[in-house]
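Structural characterization, general
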Amino acid sequence: MEEILTKQHFAELSKLVNEKIRGLCWLHRHGYESMMLFLRLILFAGAFGLFALPYWPARVIGMIVLSYAYTSIAITGTHETSHLSYVKSAFVNKLWAYFFSDFWSSQSHLWWHYRHVQVHHLYPNVPDREPKPFYFPWINRYVYFFVIPYLVVFWLMAYSIKHLWKKWSKLSAYLLIMLLGWTLHVYLFVSIGFSVFASLGLALLMRSLFSPIFMHLAVFNHIGLDNP
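Described in the following lines is the structure provided in the data block. Fair warning: this is a prediction, and the values are worked out from it, not measured in the lab. Going along each chain's sequence as written, the residues are numbered from 1 onward. Only residues with pLDDT of 70 or above have their local features reported here, since the model is predicted, and side-chain atom pairs are shown and tallied only from 80 upward, although totals for entire chains, interfaces and linings are computed over all residues. By convention in this description, side-chain values take in all heavy atoms of the structure and omit both hydrogens and water.

1. Section: the packing of aromatic side chains
Here the distance between the centres and the angle between the planes together describe a pair of aromatic rings. Under the pairing criterion, centres of Phe, Tyr and Trp rings, with the six-membered ring standing for Trp, must be within 6.5 Å; the plane angle then separates stacked pairs below 30 degrees from edge-to-face pairs above 60, leaving the rest tilted. Taken as a whole, this structure holds 20 aromatic pairs when the rule is applied. With a centroid separation of 5.2 Å and 20° between ring planes, the pair formed by tryptophan 96 and phenylalanine 100 is classed as stacked. With tryptophan 96 and phenylalanine 100 both in helix 4 (residues 90–105) and four residues apart, the pair spans about one turn of that helix. Relative accessible area serves as the criterion here: at 1%, phenylalanine 100 is assigned to the buried category. Consider the rings of phenylalanine 99 and phenylalanine 103, whose centres lie 5.7 Å apart with planes at 20°: the pair is stacked. Remark: phenylalanine 103 and phenylalanine 99 occur in helix 4; sequence separation between them is four residues, near one turn of the helix. In this structure an aromatic cluster arises from ring pairing among Phe44, Tyr70, Tyr86, Trp96, Phe99, Phe100, Phe103 and Trp104. Think of it as a cone above the ring: NZ of Lys or CZ of Arg counts as a charge over the ring if it is within 6 Å of the ring centre and within 35 degrees of the ring normal. Sitting over the ring of phenylalanine 51, arginine 59 keeps its end group 5.5 Å from the ring centre. We count a stretch as a helix when DSSP gives it H or I for four or more residues in a row; a strand needs E for two or more, and each element gets its number in order from the N terminus. Type-normalised accessible area, obtained with a 1.4 Å probe on protein chains alone, sets the label of each residue: buried when under 20%, exposed when over 50%, and partly exposed for intermediate values.

Okay, here's the thing in structure tokens:
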């Protein structure tokens, strides 16, 4: 008979994992992750410098590398902070969650922690317990696989707002921080001579170019085989 995981099982597993983690040195627990963030930020800055050159090959290559660096920072940081494991301090971890998730990625860290940790990891592919936020049977299959992934940023924003609806202080904080993140990325392109409208499009392109990696490898991989 199949056993459904409960919060007690999750707590027991967390205890075992935490005991293992405490036996590791700082470098293995957080050092390598910090180093990767530093290198990705350098890559992001370098790619932007390449994109700023007024030559189309530089701008094509620059945008590809820029989007790769952006996506690497977004996915890794959001995942680790959603598990409260990016740093040891719970408070500092939450500050990083605001940066990686709300500011950098336009999704509420509160929603993603709920969706990813409290629901998915507790009830992975249990149809009655885990909702189907990626299930859109009315969309053409080719559009679903090859167009929708590039619009994932709007999907993240919509589900964040839905989760925080009527929690007005938390929703306001999310919207403010999310808009500040967009402002930064748009301003980067404005600073090198693009119009605000063009800069908004470039910021969207930067955020979306590698989205199929997230959708195809992470999201679709988590859909159960009995889910059409």
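2. Some remarks on the layout of surface pockets
By volume, the largest pocket is sized at about 930 Å³. Residues are called lining when one of their atoms sits within 4 Å of a cavity or pocket point, these points coming from a 1 Å grid over the protein atoms alone, where a cavity is a set in which a 1.4 Å probe fits but cannot get out and a pocket is an open set with protein on both sides within 12 Å along at least five of seven lines. What lines the largest pocket is a set of 30 residues, and nearest its centre among them are Val17, Asn18, His83, Leu84 and Ser85. Here the lining of the largest pocket takes nine residues from helix 1 (residues 7–22), the largest share from any one element. Grid points are joined across faces, edges and corners, and a volume is the space filled by probe spheres set on the points.

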